[in-house]
Amino acid sequence: GDNTVNLTVTDQSGNSASASATVTVEDVINPTVVTQDITVQLDASGTASITASQIDNGSDDNCSVSSLSLDVTDFTCSELGDNTVNLTVTDQSGNSASASATVTVEDVTDPTVVTQDITVQLDASGTASITASQIDNGSDDNCSVSSLSLDVTDFTCSE
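Residues numbered from 1 in each chain as written. Predicted model: local features only at pLDDT ≥ 70, side-chain atom pairs only at ≥ 80, totals over all residues. Heavy atoms only, no water.

Chemist: Give me the lowdown on the overall build of the protein chain, citing residues and values where you can.
Modeler: Counting its regular elements, the protein chain contains two helices and 10 strands. If you list the helices and strands of the protein chain from N to C, you get β-β-β-β-α-β-β-β-β-β-α-β. At 34 Å, the protein chain has a C-alpha radius of gyration far larger than the 15 Å of a compact globule built from 159 residues. C-alpha extents for the protein chain along the principal axes are approximately 130 × 20 × 15 Å. As displayed, the protein chain has an accessible area near 10400 Å², and 45% of this comes from carbon and sulfur atoms. (Helix = DSSP H or I, 4+ residues; strand = E, 2+ residues; numbered from the N terminus. Rg over C-alpha atoms; globule rule 2.2 N^0.38 Å. Areas by Shrake-Rupley, 256 points an atom, 1.4 Å probe, with all protein chains shown as cover.)

Laid out in structure tokens, this is it:
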């Protein structure tokens with residue numbers, strides 16, 4: 001901002017005079033952005049959120065940092081794996097700089113398995129087959145169920 005300074009000039013005889021001037025101080029240096037890669041796990045509803053401070057790894061400015069912001073903070077099942085986010089650091093003078101980091105999104109929540117008992121009748125040749133969907137009774141996952149399988153699908157008179 002603007003600062004007033006006074007200049008005093010004195011001669012050899014001791015006479016002096018003063019005048020003031022305005023010195024305008026500007027900060028034109030962008031902040032230094034330092035990021036770190038992180039890994040997040042989706043919650044039971046299939047979502048995860050991050051903050052700028054989780055990505056920041058010691059960003060700094062010659063004066064002071066006034067804000068940190070991210071272009072992406074929320075993730076879902078559709079963002080599993082590596083995702084690039086951009087951290088923007090802004091200083092008190094409005095100068096800003098950005099850098100990227102990688103957010104690895106993981107789904108570590110096991111599916112919920114819900115089964116139902118069924119009864120099957122043997123056919124004329126003494127066999128019966130079932131499918132996983134006949135046993136499933138609404139199994140679910142925080143992202144999506146990709147497959148259903150059974151360890152036994154065929155039955156004979158011996159069972």
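From this point on, the discussion continues.
Chemist: So what's going on with the state of the cysteines? Residues and values would help.
Modeler: Tallying each qualifying case throughout the model produces one disulfide. Between the sulfur atoms of Cys77 and its disulfide mate Cys143 the distance is 2.0 Å. Taking the sign of the S-S torsion, about -90° here, the bridge from Cys77 to Cys143 comes out left-handed. Of this pair, Cys77 sits in the loop between β6 (74-76) and β7 (81-91) while Cys143 sits in the loop between α2 (132-135) and β10 (154-156); the two residues are 66 residues apart in sequence, bridging distant segments of the chain. (Disulfide = S-S within 2.5 Å.)

Chemist: I'd like to hear about the side chain of Asp56, residue by residue, with values.
Modeler: The topology assignment puts Asp56 in the loop between α1 (52-55) and β5 (65-70). Of the polar contacts made by the side chain of Asp56, one reaches the side chain of Ser59; its length is 2.5 Å. Setting aside residues no more than four positions away along its own chain, Asp56 makes contact with Val34, Gln36, Leu68 and Leu87. (Polar contact = N/O pair within 3.5 Å; in protein donor to acceptor, adjacent residues only side chain to side chain. Contact = heavy atoms within 4.5 Å.)

Chemist: Account for the nonpolar core, with residues named and values stated.
Modeler: As a rule of thumb, nonpolar side chains are buried together in soluble globular proteins. If you look at the biggest cluster of nonpolar residues, it comprises 17 residues, and the most contacted ones within it are Val40, Ile50, Ile55, Leu70, Val85, Leu87 and Val103. Contributions of two or more residues to this core are made by β3 (38-41), α1, β7 and β8 (96-106). Residue contributions to this core peak at four residues, all from β8. (Core = buried A, V, L, I, M, F, W, Y, C linked by side-chain atoms within 4.5 Å. Buried < 20%, exposed > 50% of the residue type's maximum accessible area, 1.4 Å probe, protein only.)

Chemist: I'd like a description of the pairing of β7, backed by residues and values.
Modeler: Regular strands show a simple pattern: their side chains alternate between the two faces of the sheet. Both β5 and β7 contribute to a ladder of five bridges, which runs antiparallel. Bridge pairing links Ser67 to Thr90 in β7. Turn length for the β7-β8 hairpin, with the two strands adjacent in sequence and antiparallel, is four residues, and the turn residue Gly94 shows positive phi of about 90°. (Pairing = 2+ DSSP bridges.)

Chemist: Please provide a residue-by-residue account of the environment of Val105, values included.
Modeler: With respect to the element layout, Val105 can be found in strand β8. Given a relative accessible area of 3%, Val105 falls into the buried group. In this structure Val105 touches Val40, Leu42, Phe75, Thr76, Glu79, Leu80, Gly81 and Asn83, once residues within four positions along its chain are discounted.

Chemist: I'd love a proper account of the side chain of Asn142, names of residues and values included.
Modeler: Relative to the elements of secondary structure, Asn142 occurs in the loop between α2 and β10. In this structure Asn142 comes out as buried when scored by relative accessible area, which is 10%. Among the polar contacts listed, one links the side chain of Asn142 to the backbone oxygen of Asp43, at a separation of 2.9 Å. Within the structure, the side chain of Asn142 is placed 3.1 Å from the side chain of Asp107, a separation counted as a polar contact. Apart from the residues within four sequence positions on either side, Asn142 is in contact with Leu42, Asp43, Ala44, Ser45, Gly46, Cys77, Asp107 and Thr109.

Chemist: Kindly report on the pairing of β8, identifying the contributing residues and their values.
Modeler: As judged from the four bridges shared by β3 and β8, these two strands associate in the parallel manner. Among the inter-strand pairings, Thr39 is bridged to a residue of β8, identified as Thr104. Relative to β8, β7 is paired through 10 bridges, and the arrangement is antiparallel. By the bridge assignment for β8, Thr84 is matched with Thr102.

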